[in-house]
Amino acid sequence: MNNGFTTTITDGIAELVLDRPPVNALDDAGWHALADEIIRIGRDPAARVIVLRAEGRGFCAGVHMAIDVVQQLLELCPGEDIYVYHEIVHNKHVVHRFRERGVGFVEDIDEVPEGKIVVFSAHGVSPAVRQAAAERNLTSVDATCPLVTKVHMEAIRYARQGYQILLVGHADHQEIVGTRGEAPDSIQVVERPGDIPKLNIIDPNKLAYLTQTTLSTDDADVIISALKRAFPNIKEPPGGDICYATTNRQRAVRQIAPECDLTLVIGSRNSSNSVRLTEISQNVGTPARLLDDVSELQDDWFTGIERVLVTAGASAPEDLVAGVVRRLVETYSAEIEIADVFDEDVEFAIPATLKRIMRENGVDPSQRKIRFTKPDITESLYGAVPLTVSAGHH
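My aim in this report is to walk through the structure given alongside it, one point at a time. Computed from a prediction, not measured in an experiment: that's the story for all the values here.

## Concerning the sheet that holds strand β4 (residues 82–85)
Phase 1 of the analysis: A sheet is described by the order of its strands in space; here four strands give the open sequence β5-β4-β6-β7, paired in parallel fashion. The open sheet has two edge strands, β5 (104–106) and β7 (139–142), and neither has a second partner. Neighbour-to-neighbour, the strand axes of the sheet open up by a mean angle of 30 degrees, direction not taken into account.
Phase 2 of the analysis: Here strand β6 (residues 117–120) pairs with β7 via four bridges, running parallel.

## Examining the sheet that holds strand β10 (residues 207–211)
Phase 1 of the analysis: One open sheet holds the three strands; their spatial order is β9-β8-β10, and the pairing between them is parallel. This sheet does not close on itself; its edge strands, each paired only once, are β9 (187–190) and β10. Recorded for the sheet is a direction-independent mean angle of 30 degrees between the axes of neighbouring strands.
Phase 2 of the analysis: Two strands pair when backbone bridges link them, and strand β8 (residues 164–168) and β10 are joined in this way by five bridges, in the parallel orientation. Bridge assignment links I165 to a residue of β10, and that residue is A208.
Phase 3 of the analysis: Those strands touched by helix α5 (residues 146–160) are β8, β9 and β10, and its axis lies near 170 degrees from that of β10.
Phase 4 of the analysis: Docked against the sheet, helix α7 (residues 217–230) engages β8, β9 and β10, running at close to 180 degrees with respect to β10.

## Some details on the packing of aromatic side chains
Phase 1 of the analysis: All told, the structure shown has three aromatic pairs when counted by the stated rule.
Phase 2 of the analysis: Judged by centre distance (5.5 Å) and plane angle (65 degrees), the ring pair of Y158 and Y163 falls under edge-to-face.
Phase 3 of the analysis: Ring geometry for F302 versus Y332: centroids 5.0 Å apart, planes at 45 degrees, classification tilted. Highlighted residues: F302 in the loop between β12 (288–291) and β13 (307–312) and Y332 in helix α10 (residues 318–332), separated in sequence by 30 residues.
Phase 4 of the analysis: Overall, the relative accessible area of 22% leaves Y332 in the partly exposed class.
Phase 5 of the analysis: Put simply, the rings of W301, F302 and Y332 touch in pairs and so form one group of aromatic residues.
Phase 6 of the analysis: Its end group placed over the ring of Y158, R157 keeps NZ or CZ at 4.7 Å from the ring centre.
Phase 7 of the analysis: Just above the ring of Y163 sits the side chain of K206; from NZ or CZ to the centre is 4.5 Å.

Each value, and the rule that gives it
Residues numbered from 1 in each chain as written. Predicted model: local features only at pLDDT ≥ 70, side-chain atom pairs only at ≥ 80, totals over all residues. Heavy atoms only, no water. Pairing = 2+ DSSP bridges. Helix = DSSP H or I, 4+ residues; strand = E, 2+ residues; numbered from the N terminus. Axes fitted to C-alpha atoms, helices over the stretch in contact; angles between N-to-C directions. Contact = heavy atoms within 4.5 Å. Phe/Tyr/Trp six-rings, centres within 6.5 Å; stacked < 30°, edge-to-face > 60°. Buried < 20%, exposed > 50% of the residue type's maximum accessible area, 1.4 Å probe, protein only. Lys NZ or Arg CZ within 6 Å of the ring centre and 35° of its normal.

Below, the structure is given as structure tokens:
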């Protein structure tokens, strides 16, 4: 035993096991010793490619909730037509899998036949869309991420109090479109510091700012700092708007990427938070590749590469992450490290309309919960089990 863990080395393979799980059971001396041990293992001349897999990647709780809502509707309403307004999440695999099960995706609410079920995506919608759905007698199920709903409520509150609202984000993103629709006469979108001089400000002492939940914290900080310099009395949202999952994933990449030679981000190119993860890795000096799935891996990416960080955007299914890791294990005899930067264990309430549909189908909604926790890594799914635990991010 050595400060709470043991190490065995067989045929150049190091297996490090904590004697007192979970990881947070180690004291400070244990963490320092564990870090030294991992460094020693990494210098082993028999070392192969190491995959450093960041905990806090892939589905966030809001995405998990939106997907779960559609899955439950498919189970509760077999044979009924189910439509989703916009992509349920920004991931082509998730959308394709639902299409194969008969779910229809529309970009205009008028495309949904009258009286049918429509699900509002995780990104949220404006009051005008809700009204249009009601006029078509649609059964609307709201799968908006609760953190996006929080921003909507803040916009409504500030507008009622007579504030002008500066909404930081990408003007064409569905989340921004939905939030702006809550108070269109009070909201102006700020995409970059250069937009600030063009703003139409009535009273600089009656200003508030809100942000898109999936922004890069780096980009948001630059714009928010510029807003505060221009308008020192601007009000900020209580607790911030960028979601915990976006912040966690970005923090993990910012901390871990400098230790690696390459970052692989699993996510679709229309996923704002996935794109931001690649940019953050590049900003800290580590090349990054954004890929939808294992089919996009290219051998020439790994020439001279020893350590690879694998992470994923908030809308990427875990099986896609596992597929990439498994290929690295099979092709390069990679070993898997887990970098536990933080834990995620979140539970959201089931949408009210879904509860009603459950009751109508004889299902007790109190027995159904939407809970998100980090996935288990198994050899059958990932091609290997973790050999080490990264201690540098306690």
